[in-house]
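Coordinate analysis (summary)
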Amino acid sequence: MDMTELLRVERMRGLVLVIFASACFVLGSVLGEELRLQDPRLSVVLFAQDPDIVTPIGMAIDAQDRVYVVESHTHHPPADYSGPASDRIKVFVDEDNDGRADRQWVFADGLQQAMNLAFSPTGDLYVVCAREVYRFRDFNADGIAEERERILQLSTTEGYAHNCLLGITFDRNGMLYVARGNTGSRYYALQGSDGSVVEGYGDGGSVFRAEPDGAQVQEFATGFWNPFDLKYSIDGELLLVDNDPDARGPNRLLKVVEGGDYGYKSLYGGSGNHPFQGWDGKLPGTLPYIAGTGEAPSGVIHLSRTSFPAEYANCVLATIWNENSLECFQLHRGPHGLTADKSLFISGPKDFRPVALEADSRGNLYVTDWVLVHYPNHGRGRIWRISCNDDVEDRLKPVAYFERRQDDGHTPDATAWAEEDWLEELKNADPMRRHQAILELSQTADESRLELYRRSDDPAVRLAWLLACQRRARSHGLWLPAAVLREAIGDPDDQLCLAGLLAAGESFRPELRPEIDLALRRPQVTPRIFAAWLAAAENLQTAYSDTVKKRAKDKSNQIKPASEVENLYAIVNNQQLNPAVRAMAVERLEPSVLLAEECFELLELAERSDPSLTVAIFRSLARTEVAEVRERLTGLCQRMAFDASQTEFLRCSAIDCLAHLKTAPPTFFGELLTDTPRPIALAAADAMRQNFEGAEAERILDLALSTTRSHTTIDETLHYARHGLNAERNPYVRSRPLTAEAWQLALAERGDPLRGRRVFESPRVGCDKCHSLDGLGTLLGPDLSHVSQSKSREQIIDSILNPSAEFPPQYQAWMVLTEDGQVHRGLQLDHKQGGAIELTSEDGHLVRFEAEDISDYRVSPNSLMPQGLEQTMSVGEFRDLVAFLVSRQ
């Protein structure tokens, strides 16, 4: 099966398929294959190609419109590579402005793992290599460097170039900005020309700022994965494209501000899903992204620098290396800050691998093209030029890179703020303005102002107080005092508690354990707070914290905390704690790590505990493989299912546990179908539907169906259990809705949320195979803990009926076609050295495909969430599932 046939199969599944050919204008040709621009007013031509340019990466254009390009020869070359032994910077000139280079020569060579280029305001060319930054000077302006000076040097044991120094740019004042990858969680030290040093271990990628000679180097922002490129916009906004962690997306287009933390920390692993890792600005103290991008963004540019049609004036373009495309982002400035609408700008075949973007003074846009998917040097390369057609009248006047509508990093003057100005900024809906106010507060506010905000009635102001105090302490090499952390963790606002737990955990001070334990005594402990408490408790383990502080391992993410099973088990047995907290501890106890005696103790606890704790014990132990534990659990659940003195919730949970264990005979559920309250009978009917098989089950279902039942939902469930979607024998099938509109009407009635959770967790429907709730479950799909905060009932229904119509960019699915004809679908396609691919498969496992086994790969036009999910449910089950999801606030 080739990829064309694969896409045809995808279409046959009834999902949305994006067909490029019908909507695109073919404007360039490469060896018989085509680049497709979406806008017919633009044209693309091949400016240069191999052998004149091979494996190009970074690019810069001087005032004479000479195009300078990094030609890579040391990017993990194969053993038999026949190219030069060093990278070089080549210059291309289009003397007749026909879009094709007429001359080319070498500006400089002798570089190792060169990545990107940038001209300073004074006209000097700078190159960032994986471990150093050089300044080149061309004193006679002949296009050949006369002087090379190393101004920054990175020391690290990390060997992979894409994890080291990556991007480079300047602001209009001549300050130098350099982007660093996460150095594979290894220690690093960046040294400036004056001996100034920034070092780290276990943090995320960074943007550094320094004087143009490399002096006074300092960290400007942090929290990135691998930020490959950064450039200023006409409005003085520093834009950056960042690649995403292994299991958390999307890739990001970011506005970078001084002191900004964008969430990622390598200490906690590459998945990006640790409670102390942020990605979308929801973790206290971190900032959000402008928009999600496609996979492997490598270059960025504001289109005010081009002569494109006028509507591109507020657009940003990004190269998407893994998706053979360029994406366009229409920027919007609103009350919540900078956002963007994304659209496809240009697409190409699989041998179109765009990297860098740059514009000349006439407004032409240039794109370097690595060509092949292989990371090691391979001798291929191209440069493209995209221009506006001559017949377009309403076009942009190109703006030079250092021209601005306002100063770089422009911020209000806080010294002139009145009290109401401070409060407005600290509570502002724009997270960047809030951040700037907190930064100002940490640097300029006196103790009386901080004390005033500490006692504020507004939780947003109290959070600003805490974050400002934390910044002030760190600037002096200190940690927040225990008293401040106690106050924050005990604050009634969840965000303040989370921020306190994060600050305590990341101080790695074991003596703070009593402070973080205050979180467990809150009147209401949310699953997110519990997960943050657990993460902080792991960080405060003496052995773990000492190992991190001593940098005892080369890679910080190889340092693992000990299991907290003993502490969790102690919480379960602590009768002074809220049963809901004890229940969350139980749910995180993996039965496989418990001794049989501990499982038996949990069973004894279940017989005398609050129903919420008992249910949690049922849910946890239902996963055990120990025969004796399963046997005793079965007996307990059978007794509780028939015990009329127990709550209906507990009895239903006992039935659900038995359905999961599959240890009770059909006759057991058959007995519960009669002479019991309706919820119990319905739970039994659901269990029969889940476990229906064999002649005995058929006999019991036939007997139940022959009995006149007073409740339609139970009767409906039994019919589906016995006859499925057989319209001749199941009367409920004949009245099923056939359109999305009909489903909306049928599901408008109020459902049963408790039963809806049972549907959510049933193997037949399988929602919990991909989604998580309250910090538990898998992450193939969005966390649904608070889904009704962002989705209406109608939108929830639509997302189930047509899952591919709309889904967040971080859940973009991929297809890998292997040489044996197999199609593999999953998330988070990651390219590895040698052309290998790693894919988080549909079952949640990380699968590696070697280059020789891959026939093709593509973005899937479909969500991983299966189409036709409604066919696995009765109308009543669907209604109850929606009621459950709507209840998640």
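Residues numbered from 1 in each chain as written. Predicted model: local features only at pLDDT ≥ 70, side-chain atom pairs only at ≥ 80, totals over all residues. Heavy atoms only, no water.

**Describing the overall build of the protein chain**
- In terms of helices and strands, the protein chain carries 24 helices and 36 strands.
- Relative to the compact-globule value of 29 Å for 889 residues, the protein chain shows a C-alpha radius of gyration of 30 Å, a close match.
- Dimensions along the principal axes, computed over C-alpha positions, put the protein chain at roughly 100 × 65 × 55 Å.
- Looking at the 889 residues of the protein chain, the share that counts as buried comes to 57%.
- Long-range pairs, those at least 24 residues apart, make up 61% of the contacts in the protein chain with a sequence separation of at least 6.
- Summed over its atoms, the accessible surface of the protein chain is roughly 36400 Å², and 49% of this surface lies on carbon and sulfur atoms.
- Seen as two clouds, the 92 positive and the 132 negative side-chain charges of the protein chain have centres 3 Å apart. (Helix = DSSP H or I, 4+ residues; strand = E, 2+ residues; numbered from the N terminus. Rg over C-alpha atoms; globule rule 2.2 N^0.38 Å. Buried < 20%, exposed > 50% of the residue type's maximum accessible area, 1.4 Å probe, protein only. Contact = heavy atoms within 4.5 Å. Areas by Shrake-Rupley, 256 points an atom, 1.4 Å probe, with all protein chains shown as cover. Lys, Arg positive; Asp, Glu negative; His and termini not counted. Charge placed at Lys NZ, Arg CZ, Asp CG, Glu CD.)

**Focus on the pattern of salt bridges**
- Here the structure, examined in full by the defined rule, presents 54 salt bridges.
- Here Lys 427 and Asp 458 are joined by a salt bridge, their closest N and O atoms 3.7 Å apart. One end of the pair, Lys 427, is in the loop between α2 (419–426) and α3 (431–444); the other, Asp 458, is in the loop between α4 (447–454) and α5 (459–475), with 31 residues separating them in the sequence.
- Assessed through its relative accessible area of 25%, Asp 458 is described here as partly exposed.
- In the salt-bridge network here, residues are joined through shared partners; they are Asp 656, Asp 686, Arg 755, Arg 758 and Asp 880. (Salt bridge = Lys/Arg side-chain N within 4 Å of Asp/Glu carboxyl O.)

**Some words on unusual backbone geometry**
- Asp 50 connects to Pro 51 through a cis peptide bond whose omega is 10 degrees.
- Tracing the chain through its elements places Pro 51 in the loop between β3 (42–49) and β4 (56–61).
- Positive phi is not limited to glycine here, since Thr 55 has a value of about 35 degrees.
- Here Thr 55 shows up in the loop between β3 and β4.
- Its relative accessible area of 0% is what places Thr 55 among the buried residues.

**What about the environment of Ala 356?**
- Following the sequence through the fold, Ala 356 ends up in strand β27 (residues 354–359).
- Counting along the chain gives 124 residues from Ala 356 to Tyr 232, while the straight-line C-alpha distance between them is 15 Å.
- Apart from the residues within four sequence positions on either side, Ala 356 is in contact with Ile 57, Gly 58, Met 59, Thr 319, Tyr 366, Val 367 and Thr 368.

**Points about the sheet that holds strand β19 (residues 238–243)**
- The sheet built from 4 strands is open, its strands ordered β18-β19-β20-β22 with antiparallel pairing. At either margin of the open sheet sits one strand with a lone partner, and together these are β18 (226–232) and β22 (291–293). On average, each strand axis in the sheet is inclined to that of its neighbour by 30 degrees, with strand direction left out of account.
- Of the strand pairs in this sheet, strand β20 (residues 251–256) and β22 are connected by 3 bridges, and their pairing is antiparallel. Each residue of the ladder has a partner; that of Leu 253, found in β22, is Ala 291. (Pairing = 2+ DSSP bridges. Axes fitted to C-alpha atoms, helices over the stretch in contact; angles between N-to-C directions.)

**Structural notes on the sheet that holds β3**
- Strand order in the open sheet formed by 4 strands is β3-β29-β28-β27, and the pairing between neighbours is antiparallel. A single partner strand is all that each edge strand has here, and the edge strands are β3 and β27. Recorded for the sheet is a direction-independent mean angle of 25 degrees between the axes of neighbouring strands.
- Sheet analysis places strand β28 (residues 365–369) next to strand β29 (residues 382–388), joined by 5 bridges and oriented antiparallel. Residue pairing in the sheet places Tyr 366 in a bridge with Arg 385 of β29.

**Comments concerning a negative patch on the surface**
- Side chains of Asp 390, Asp 391, Glu 393 and Asp 394 sit close together on the surface and give a patch of like negative charge.
- Along the chain, Asp 394 falls in the loop between β29 and α2. (Patch = residues over 30% accessible without salt bridge, like charges linked within 9 Å, V, L, I, M, F, W, Y side chains within 5 Å.)

**Points about the side chain of Arg 509**
- As for its placement among the helices and strands, Arg 509 is situated in the loop between α7 (494–505) and α8 (513–517).
- There is no salt bridge for the buried Arg 509, and the closest opposite charge comes from Glu 511, which lies 4.5 Å off by N-O distance.
- Each residue touching Arg 509, except ones within four places of it in the same chain, is listed here: Trp 479, Leu 480, Leu 485 and Leu 540.

**Things to note about the pairing of strand β9 (residues 125–129)**
- Buried residues dominate β9, accounting for 5 of its 5 residues.
- Side chains of β9 alternate between two faces, with Leu 125, Val 127 and Cys 129 and Tyr 126 and Val 128 buried alike.
- Note: strand β8 (residues 114–119) against β9, 5 bridges, orientation antiparallel. Looking across to β9, one finds that Ala 118 is bridged to Tyr 126.
- Count of turn residues in the β8/β9 antiparallel hairpin: 5 residues, of which Gly 123 carries a positive phi of about 95 degrees.
- The pairing of β9 with strand β10 (residues 132–137) spans 4 bridges and is antiparallel. Pairing of Val 127 across the sheet is with Tyr 134, part of β10.

**So, the nonpolar core**
- Counting residues in each nonpolar core, the largest one holds 113 residues, and the members touching the most others are Leu 501, Ile 516, Phe 530, Trp 533 and Phe 618.
- Excluding residues within four positions of it along the chain, Phe 618 makes contact with Ala 606, Leu 633, Leu 636, Cys 637, Met 640, Leu 650, Ser 653, Ala 654 and Cys 657.
- Leu 165, Phe 208, Ala 296 and Trp 370 belong to the second largest nonpolar core, which has 57 residues in total. (Core = buried A, V, L, I, M, F, W, Y, C linked by side-chain atoms within 4.5 Å.)

**A closer look at the packing of aromatic side chains**
- In the structure shown here, the tally under the stated rule is 25 aromatic pairs.
- Considering the side-chain rings of Phe 308 and Tyr 312, the 5.8 Å spacing of their centres and the 75 degrees angle between planes classify their relative orientation as edge-to-face.
- Given the relative accessible area of 0%, Phe 308 is considered buried.
- Tyr 312 gets classed as buried once you look at its relative accessible area, which sits at 10%.
- Through a chain of ring-to-ring contacts, three or more aromatic side chains come together here, namely Tyr 68, Phe 107, Phe 119, Tyr 134 and Phe 136.
- One Lys or Arg, Arg 353, reaches over the ring of Trp 321 and ends 4.9 Å from the middle of that ring.
- A cation over an aromatic ring shows up here: Arg 404 above the ring of Tyr 401, its NZ or CZ 5.4 Å from the ring centre. (Phe/Tyr/Trp six-rings, centres within 6.5 Å; stacked < 30°, edge-to-face > 60°. Lys NZ or Arg CZ within 6 Å of the ring centre and 35° of its normal.)

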